[in-house]
Amino acid sequence: MNTNSKIFVAGSNGLVGSALVRRLEKGGYTNLVTPEIDELDLTDSAAVQGFFEQEKPEYVILAAAKVGGIHANNTYPAEFIYLNLMIQNNVIHQAYLNGVKRLLFLGSSCIYPKLAPQPMKEEHLLTGLLEPTNEPYAIAKIAGLKMCESYNRQYGTRFVAMMPTNLYGPGDNFHPENSHVLPALIRRFHEAKEAGLPEVVVWGTGTPMREFIYVDDMADGCLHVLTLPDDVLDAELCSYPKPNFVNLGTGVDVTIRELAETVKGVVGYSGRLVFDTSKPDGTPRKLMDVSRLKVLGWQASTGLEDGLRNAYQWFLDHRHDFRA
């Protein structure tokens, strides 16, 4: 991938997409195509077809998705399955029809069974039932990675998928109801600190374990895989029956209680921490086995506390943009 190659980043304004754009620009890539959602509706088949035929991107990074935490997944299951299927079907198919050299599809660790062995290996996909609270989203992401695999098998494409663990960092969604656990905690502790509240309530028991990767590490890992030599990519990530996707994480997890305590410290909140055990916990543990990515030559470098400090600073700098 040359620095002047035309690269289409779908979803460039989101948490994932904006980090990928930052990483590409840092790497000297200058020919980025990053249409806004009002310029290109990725759920519109005709619009996506017209875009590909006009722009003819050489590389595609598919970071566009409908995403959210437990509350959002429970409230809008139809949107989570429909919108994600439409987006990825349109983009992946047009990438094939227009001769894209490589495509990188971003999924999620929620593709794995609720009770998958820990840590979760790529081979554990489709070996058990999914977590019910995000099943529609997970099914859409499984369909996307299988679509990449199927096009590789039938057409010899180089479409690879990466499954990041829980992401956080600059550009995150800090909505009080529809955000993921970590930005929700950052906002809750900050507002409690400002209001002088005596306690902060966290959903669940605090015992589930979660893995988190700083979003700029995620972007660096994606670029590493996207630029692997042809022979390595073909042998390791584009050959059947090997999984045509790779886990992207740190290989280290913490309990929600430990996470909340760390956020509390970073924000500087001095009140009590209370757990609402009437709220759902979700999957008991979701730890990625990242050995396959390490063999490919990459591992994460940002520690949780350092990443949280960066995320909190970004929140402070932008909190007036999301008052809802």
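Fair warning: this is a prediction, and the values are worked out from it, not measured in the lab. (Residues numbered from 1 in each chain as written. Predicted model: local features only at pLDDT ≥ 70, side-chain atom pairs only at ≥ 80, totals over all residues. Heavy atoms only, no water.)

**Student:** A description of the overall build of the chain should follow, citing residues and the corresponding values.
**Tutor:** What the chain contains, in helices and strands, is 11 helices and 12 strands. A globule of 324 residues ought to have a C-alpha radius of gyration of about 20 Å, and the chain, at 19 Å, matches this closely. Principal axes of the C-alpha set define a box for the chain whose edges measure 60 × 40 × 35 Å. Relative to its 324 residues, the chain shows a buried fraction of 52%. (Helix = DSSP H or I, 4+ residues; strand = E, 2+ residues; numbered from the N terminus. Rg over C-alpha atoms; globule rule 2.2 N^0.38 Å. Buried < 20%, exposed > 50% of the residue type's maximum accessible area, 1.4 Å probe, protein only.)

**Student:** I'd like a rundown of the pairing of strand 5 (residues 159-164), residues and numbers included.
**Tutor:** In terms of residue burial, strand 5 counts as a mostly covered element, since six of its six residues are buried. Residues Phe-159, Ala-161 and Met-163 of strand 5 are buried on one face, and the alternating residues Val-160, Met-162 and Pro-164, pointing to the opposite face, are buried as well. Sheet analysis places strand 4 (residues 102-106) next to strand 5, joined by four bridges and oriented parallel. Bridging from a neighbouring strand, Phe-105 pairs with Ala-161 of strand 5. With helix 5 (residues 135-155) bridging strand 4 and the parallel strand 5, this β-α-β connection has right-handed handedness. Sheet topology places strand 5 next to strand 9 (residues 245-248); four bridges connect them, and they run parallel. Bridging across to strand 9, Ala-161 finds its partner in Phe-245. (Pairing = 2+ DSSP bridges. Right-handed = clockwise from strand over helix to strand, strands pointing away.)

**Student:** Got a sec to walk through the sheet that holds strand 9? Specific residues and values, please.
**Tutor:** Pairing within the open sheet is parallel, and its six strands lie in the order 2-1-3-4-5-9. In this open sheet, the two edge strands, each paired with only one partner strand, are strand 2 (32-33) and strand 9. Relative to strand 1 (residues 7-10), helix 1 (residues 15-26) is tilted by about 155 degrees, and along the sheet it contacts strand 1, strand 2, strand 3 (59-62) and strand 4. (Contact = heavy atoms within 4.5 Å. Axes fitted to C-alpha atoms, helices over the stretch in contact; angles between N-to-C directions.)

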